[in-house]
Amino acid sequence: MRSRLLTRLDAAIAKARNPVEVACLKAERACFLARQGQMAQARLLRDALHTQFAWRPHAAVSAWLSLAEGLHDYYSRLGGSARDRVMRAHALSGAAHLAPLRALSAAWLAHMDMASHDMARMVQHVREALLGAQPDHHSARSRACLVVAYAYHFAGDENRALPWYARSRIHATADGDEAHLSALMHNQASLRGNQARLAAMFGQASPEATRQALLSTESITRFDAGIGTAALVSLVPMMQAQLLTHDERWPEALALFELHFDTAMADGLERMKPCFLADRAWCRLQMGERKLAVADAEAAELSLRQPCDLDDRALAQARLAQVKERLGEAREAALLRERARSDLQAHHVEQQRLVALLDEALADIDPATA
């Protein structure tokens, strides 16, 4: 299925006569290709534009190329350099008074702020994007609304997230941006799956919630296949592996972990490594692979020394407590369980702070018209 957004960009490129306008449209095309995972095509476009404007740089082209390079880094491996490049696009577009690109760059910065848990900067960039974008600037508004929805959802308030998800979908549909519609599905499924896993590990298991999350991942797989998405291909199968673990479908979960773990690390999912390894260790125990389970558990504990989100840390330690208990290490299991509860409590405090921050920053912005 060919993207409506891509078709529109190609038509605009064919119609444009100003070389700078053509170049900016091509850079925007490279942004879309990067989000779809078509990295080789995106790189060819960017390289050609760099060559064309090497001796006579233009601020607008440079800003668009910076954004395209940032999205390439982000969708290649969630790279740390991605934010620096998008910040450059934001700065260049501001200096050149390119308001639409400034708003779009702000929306992407908010997205990356959220990913790195810099909530104060996230709300600043969200406000800038929503206040700076015109009503029909769908790409900036769809991204900013998605960030707000994800933030409320992450903070445990899905009801407040839903109108923002809806508004993001409206803008993405108007833009013909199927890659963004895929991102919406990914975000909602990921958070619902994470909530199901937390409930299962901390005493309020809901097998139905787990199965609904699994159904969502299957929908994402079909949708992505239909639109040709090839970016960060390990995300969905690793999400499925974790949910299958909670659904006690050990052989299926273990097969996905073994097939996609290395790719997930290459895709930049290092922060999830403790969860992946702890769940894999639990699956191995269920399958009678005690020696390999011990090795995975030790690797999971070691990886907990690296930066890890509080909810993921709580999940990993709770799972490791189960593993240790099954291995007959009761004292270690009790310590891990205590740490897991402490991290979960800290996560709840973080959620409350985030809701307050969002409410304050968005008090004058109605999601129905965002």
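Residues numbered from 1 in each chain as written. Predicted model: local features only at pLDDT ≥ 70, side-chain atom pairs only at ≥ 80, totals over all residues. Heavy atoms only, no water.

Enquirer: I'd love a proper account of the overall build of the chain, names of residues and values included.
Expert: Of regular secondary structure, the chain possesses 17 helices and zero strands. Here the chain has a C-alpha radius of gyration of 22 Å; the compact-globule value for 370 residues is 21 Å, and the two agree. Overall, the C-alpha framework of the chain stretches about 75 × 40 × 35 Å when taken along its three principal axes. Here the chain holds 370 residues, and 54% of them are scored as buried. (Helix = DSSP H or I, 4+ residues; strand = E, 2+ residues; numbered from the N terminus. Rg over C-alpha atoms; globule rule 2.2 N^0.38 Å. Buried < 20%, exposed > 50% of the residue type's maximum accessible area, 1.4 Å probe, protein only.)

Enquirer: How would you sum up the pattern of salt bridges? Please name residues and give values.
Expert: One pass over the structure, following the stated rule, counts 25 salt bridges. Among the ionic pairs, Arg 249 bridges to Glu 252, the shortest N-O distance being 3.0 Å. For Arg 249, a relative accessible area of 31% puts it in the partly exposed group. Using a relative accessible area of 39% as the deciding quantity, one classes Glu 252 as partly exposed. Where Arg 280 meets Asp 296, a salt bridge forms, and the shortest distance between an N and an O atom there is 2.8 Å. You can see Arg 280 sitting in helix α14 (residues 273-286) and its partner Asp 296 sitting in helix α15 (residues 290-303), a full 16 residues away along the chain. According to the relative accessible area criterion, Arg 280 is buried, its value standing at 13%. What you see here is one network of salt bridges that share partners, running through Glu 258, Arg 280, Arg 284, Glu 289 and Asp 296. (Salt bridge = Lys/Arg side-chain N within 4 Å of Asp/Glu carboxyl O.)

Enquirer: Mind laying out unusual backbone geometry, listing which residues take part and the relevant values?
Expert: Phi angles above zero are rare outside glycine, and His 117 is one such case at about 60°. Within the secondary structure layout, His 117 lies in the loop between α6 (99-115) and α7 (119-132). On the basis of relative accessibility, which here comes to 26%, the residue His 117 falls in the partly exposed class.

Enquirer: Account for the side chain of Arg 46, naming residues and giving values.
Expert: Tracing the sequence through the fold places Arg 46 in helix α3 (residues 39-52). Those residues in contact with Arg 46 that lie beyond four places of it in its chain are Ala 30, Leu 65, Ala 68, Glu 69 and His 72. (Contact = heavy atoms within 4.5 Å.)

Enquirer: I'd like a description of the packing of helix α16 (residues 310-326) against helix α17 (residues 330-361), backed by residues and values.
Expert: Relative to each other, α16 and α17 sit at 160°, their axes nearing to 8 Å. Between α16 and α17, the angle falls in the class roughly antiparallel. Seen along the crossing, α16 lies across α17 with a hand that is left-handed. For the pair formed by α16 and α17, the contact residues are Leu 310, Asp 311, Arg 313, Ala 314, Gln 317, Ala 318, Leu 320, Ala 321, Gln 322, Lys 324 and Glu 325 on the first element and Glu 332, Ala 333, Leu 336, Arg 337, Arg 339, Ala 340, Asp 343, Leu 344, Ala 346, His 347 and Glu 350 on the second. Considering only residue class, the contact of α16 with α17 consists of 10 nonpolar, three polar and nine charged. (Axes fitted to C-alpha atoms, helices over the stretch in contact; angles between N-to-C directions. Parallel < 35°, antiparallel > 145°, perpendicular 65-115°, else oblique. Left-handed = near helix turned anticlockwise from the far one by under 90°. Nonpolar A, V, L, I, M, F, W, Y, C, P; charged D, E, K, R; others polar.)

Enquirer: Can you tell me about the packing of helix α2 (residues 19-36) against helix α4 (residues 59-77), naming the residues and giving the values?
Expert: At a minimum axis distance of 8 Å, the contact between α2 and α4 shows a crossing angle of 10°. The angle between the axes of α2 and α4 places the two elements in the roughly parallel class. Here Val 20, Ala 23, Cys 24, Ala 27, Glu 28, Ala 30, Cys 31, Ala 34 and Arg 35 of α2 come into contact with α4, specifically with Ala 60, Val 61, Trp 64, Leu 65, Leu 67, Ala 68, Leu 71, His 72 and Tyr 75. For the contact of α2 with α4, the class distribution of residues is 15 nonpolar, one polar and two charged.

Enquirer: Residues and numbers for the state of the cysteines, please.
Expert: All chains considered together, the criterion is met by zero disulfides. For the unlinked cysteine Cys 283, the closest cysteine sulfur is that of Cys 275, found at 13 Å. (Disulfide = S-S within 2.5 Å.)

Enquirer: Provide a residue-level description of the nonpolar core, including the pertinent values.
Expert: Counting 45 residues, the largest nonpolar core has Phe 257, Phe 276, Leu 320 and Val 323 as its most contacted members. The set of elements that each furnish at least two residues to this core consists of α10 (178-201), α11 (207-227), α12 (235-246), α13 (250-266), α14, α15, α16 and α17. Among all residues touching Phe 257, those that are not within four sequence positions of it are Met 238, Ala 241, Gln 242, Thr 245, Phe 276, Asp 279, Arg 280 and Cys 283. By size, the runner-up hydrophobic cluster in this structure holds 35 residues, among which are Met 114, Val 123, Ala 151 and Leu 362. (Core = buried A, V, L, I, M, F, W, Y, C linked by side-chain atoms within 4.5 Å.)

Enquirer: Before we move on, can you summarise α11 with the specific residues and values?
Expert: Between its terminal C-alpha atoms α11 stretches 31 Å, which fits the 30 Å expected from 21 residues at 1.5 Å a residue. Buried within α11 are the following residues: Thr 210, Ala 213, Leu 214, Thr 217, Ile 220, Asp 224 and Ile 227. For α11, the angular spread of the buried residues around the axis is 150°, confining them to a single face. Of the residues in α11, the exposed ones pointing more than 90 degrees away from the buried face are Arg 222 and Ala 225. Buried residues belonging to α11 abut α2, α10 and α12. Once α11 ends, the next one or two residues include Gly 228, with phi positive near 80°. (Expected span 1.5 Å × (residues − 1). Arc of directions from axis to C-beta.)

Enquirer: Let's hear about the packing of aromatic side chains: which residues, and what values?
Expert: Here the structure, examined in full by the defined rule, presents four aromatic pairs. Aromatic side chains Tyr 74 and Tyr 75 sit 5.3 Å apart centroid to centroid with 75° between the ring planes, which places their arrangement in the edge-to-face category. Between Trp 250 and Trp 282 the ring centres are 6.5 Å apart and the planes differ by 85°, which places this aromatic pair in the edge-to-face class. Of this pair, Trp 250 sits in helix α13 while Trp 282 sits in helix α14, placing them 32 residues apart in sequence. Overall, the relative accessible area of 16% leaves Trp 250 in the buried class. Of the residues examined, Trp 282 reaches a relative accessible area of 9% and is grouped as buried. Site record: aromatic cluster; members linked through ring pairs are Tyr 74, Tyr 75 and Trp 108. We note Arg 280 situated over the ring of Phe 261; from NZ or CZ to the ring centre the distance is 4.8 Å. (Phe/Tyr/Trp six-rings, centres within 6.5 Å; stacked < 30°, edge-to-face > 60°. Lys NZ or Arg CZ within 6 Å of the ring centre and 35° of its normal.)

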